[in-house]
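What the coordinates show
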Amino acid sequence: MDLQEQVHKAGGFTNLELLARQVVEGYISGIHKSPFHGFSAEFAEHKIYNNGESTKHIDWKLFAKTDKLYTKRYEEETNLRCHLIVDNSASMHYPKLQKQGIGSLNKIGFSALASACIMQIMKRQRDAVGLSVYSEKLEFYAPEKGSERHHHMLLNTLSDLVLEKTEGKTTDTHKYLHQIAEKLKKRSLVFLFTDMFQADAEETELFEALRHLKYNKHEVVLFHVMDEKRELSFDFDNAPKRFTDVETGAQVDLYSENVKENYKLAVEDYINSLKLECARYKIQYVQADINKNFNNILTTYLIERQKIG
């Protein structure tokens, strides 16, 4: 089935769950054919054996196939909790697209589909998932649950994000990350999808909020969502253009070639500082380019799950 056909003409997903399922199945199929065979082939029922653990539950048949030690994971052991946080400010709806598809997503479309893919794997593993959406307010919050009804509610919320009109909607990342952190009482995997654009907040405020998410020993991953071609490389044709800040409305007219070099240096410096701060607070930083596939997102999820499992 053509994944492109699963996308609505108005720019939204007609069946986000089906699209996520096909992405995940393609990813798992790729793992089975790759050098990582065995890494997640049985991830719904097994976990990697760690030195010092009891050998009572080692799966010796799987060891014979993979030459790696796994222990059987029982249903009561699979109660991992994961909380997805999505930035829904106006900048996340860049670039504007008439139609979104698997090969043509803006930042909010990418974040919604990536979140749905993570949810699809969690559903297979019987894990609990929660969701928060914020912009200039906390738009949505749902605690971690594993029921089918809950799963569909979150999928509907993610689907609706893609269709929202968000012109002028600003970001209060630090404010709402603090609020979300207060709600997360039990140890969880926390995945934040954001472009980290917030002109009116100091970096120190943003990282204080991210550090707050580490409270209660949560594992935190920052997926820095960006359109690398435009937002990192500033790849525009060298014609006079008017650039508009979608959150503040500020405008500037310029030739891209006149500022490209300095722009790239400034953005690279900013990203490097983000990486250093994340490392300082033991937050996993992952650059998420909307023009690439979801393998990096899903691999990060599986690795982090092993840590907390």
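In this numbering scheme, every chain counts its residues from 1 along its sequence in written order. With the structure being a predicted model, the display of local features is reserved for residues of pLDDT at least 70 and the display and counting of side-chain atom pairs for 80 or more, all residues being used for whole-chain, interface and lining totals. Side-chain numbers come from the whole structure's heavy atoms, not from hydrogens or water.

By the naming in an unreviewed UniProt entry, the protein chain goes by DUF58 domain-containing protein and is assigned to Autumnicola psychrophila.

Each helix and strand counted, the protein chain has nine helices and ten strands in total. The buried label goes to any residue with under 20% of its type's maximum accessible area, the exposed label to any with over 50%, and the partly exposed label to all in between, with areas taken from a 1.4 Å probe on protein chains only. When each of the 309 residues of the protein chain is scored for burial, the buried share is 50%. Every helix listed is a DSSP run of H or I at least four residues long, and every strand listed is a run of E at least two residues long, numbered separately from the N terminus.

Another point: the sheet that holds strand 7 (residues 219-226). For two strands to be treated as a pair, DSSP must find at least two bridges joining them. Pairing is mixed across the open sheet formed by six strands, whose spatial order is 5-4-3-6-7-10. Single-partner strands in this sheet number two, and they are strand 5 (138-145) and strand 10 (284-289). Across the sheet, the axes of successive neighbouring strands diverge by a mean angle of 15 degrees, strand direction being ignored. Bridging between strand 4 (residues 128-134) and strand 5 involves five bridges; their strand directions are antiparallel. Within strand 5, the position partnered with Val133 by the bridge is Phe140. In this analysis, two residues are considered to be in contact whenever any of their non-hydrogen atoms come within 4.5 Å of each other. An axis is simply a line fitted to the C-alpha atoms; with a helix, the fit covers only the stretch in contact. Between two such axes, the angle follows the N-to-C directions and lies from 0 to 180 degrees. Sheet strands touched by helix 4 (residues 148-163): strand 3 (81-87), strand 4 and strand 5. Its angle to strand 4, the strand with the most contacts, is close to 25 degrees. Packed on one face of the sheet, helix 5 (residues 173-183) meets strand 3, strand 4, strand 5 and strand 6 (189-194) and runs near 25 degrees to strand 5.

Closest axis-to-axis distance for the helix 3 (residues 107-124)/helix 9 (residues 295-308) pair is 10 Å, and the angle between their directions is 40 degrees. Relative to helix 9, the element helix 3 is oriented oblique. Once helix 3 is placed against helix 9, the crossing between them reads as right-handed. Contact residues: Phe110, Ala114, Cys117, Ile118, Ile121 and Met122 in helix 3; Ile297, Leu298, Tyr301 and Leu302 in helix 9. Roughly parallel refers to an angle under 35 degrees, roughly antiparallel to one over 145, roughly perpendicular to one between 65 and 115, and oblique to any angle outside these ranges. Each crossing is labelled by how the near helix is turned from the far one, with a counterclockwise turn of less than a right angle marking it left-handed and a clockwise turn marking it right-handed.

In a packed pair of helices, the relevant descriptors are the angle between the two axes and the axis-to-axis distance. For the pair helix 5 and helix 6 (residues 203-213), interaxial distance at closest approach is 8 Å and the crossing angle is 15 degrees. Here helix 5 is positioned roughly parallel relative to helix 6, judged by the angle of their axes. The element helix 5 and its partner helix 6 pack so that their crossing is left-handed. Touching Thr173, His174, Leu177, His178, Ala181 and Glu182 of helix 5 are Glu205, Leu206, Glu208, Ala209, Leu210, His212 and Leu213, all from helix 6. Split by residue class, the contact of helix 5 with helix 6 holds six nonpolar, four polar and three charged. In this classification, the charged set is Asp, Glu, Lys and Arg, the nonpolar set is Ala, Val, Leu, Ile, Met, Phe, Trp, Tyr, Cys and Pro, and all remaining amino acids, among them Gly, are polar.

Basic side-chain nitrogens of Lys or Arg form a salt bridge, by our definition, when they fall within 4 Å of a carboxyl oxygen of Asp or Glu. Following the criterion strictly, the structure yields nine salt bridges and no others. Residue Arg124 pairs with Glu25 through a salt bridge whose shortest N-O separation is 3.6 Å. Residue Arg124 is found in helix 3, and its partner Glu25 is found in helix 1 (residues 16-32); the two are separated by 99 residues along the sequence. Take Arg124: its relative accessible area is 32%, and that puts it in the partly exposed class. One salt bridge in this structure joins Glu208 and Arg211, with 2.8 Å as the shortest N-O distance. Taken as a pair, Glu208 and Arg211 lie in helix 6 at a separation of three residues, close to a single helical turn. Residues joined in a network through salt bridges with shared partners are Glu17, Lys123 and Glu148.

The omega torsion of the bond from Tyr94 to Pro95 falls at -10 degrees, within 30 degrees of zero and hence cis. With respect to the element layout, Pro95 can be found in the loop between strand 3 and helix 3. Phi is positive for Asp67, close to 60 degrees, though the residue is something other than glycine. One can find Asp67 in the loop between helix 2 (60-66) and strand 2 (70-72).

As a further point, take the environment of Thr66. Structurally, Thr66 can be placed in helix 2. A relative accessible area of 15% means that Thr66 is categorised as buried. In the analysis that follows, any N or O atom pair within 3.5 Å is treated as a polar contact, provided that within protein one partner can donate a hydrogen and the other can accept it, and provided that, for residues neighboring in sequence, both atoms belong to side chains. Within polar-contact distance, the side chain of Thr66 engages the backbone nitrogen of Lys68 at 3.2 Å.

Glancing now at the packing of aromatic side chains. Put simply, two rings from Phe, Tyr or Trp (the six-membered ring, in Trp's case) pair if the centres are within 6.5 Å, and we call them stacked under 30 degrees between planes, edge-to-face over 60, tilted for the rest. The tally for this structure, following the rule as stated, stands at six aromatic pairs. A centroid spacing of 4.8 Å and a plane angle of 25 degrees characterise the contact between Phe193 and Phe223, whose relative ring orientation is stacked. Pair noted here: Phe193 is in strand 6 and Phe223 is in strand 7, with a separation of 30 residues, a long-range link. Overall, Phe193 belongs to the buried group, its relative accessible area being 0%. Phe223 gets classed as buried once you look at its relative accessible area, which sits at 0%. Ring geometry for Phe207 versus Tyr281: centroids 6.4 Å apart, planes at 25 degrees, classification stacked. Here the residue Phe207 occupies a position in helix 6, and Tyr281 occupies one in the loop between helix 8 (256-280) and strand 10, the gap between them amounting to 74 residues. Relative accessible area serves as the criterion here: at 14%, Tyr281 is assigned to the buried category. Connected via pairs of aromatic rings, a cluster forms that spans Phe191, Phe193, Phe223 and Tyr301.

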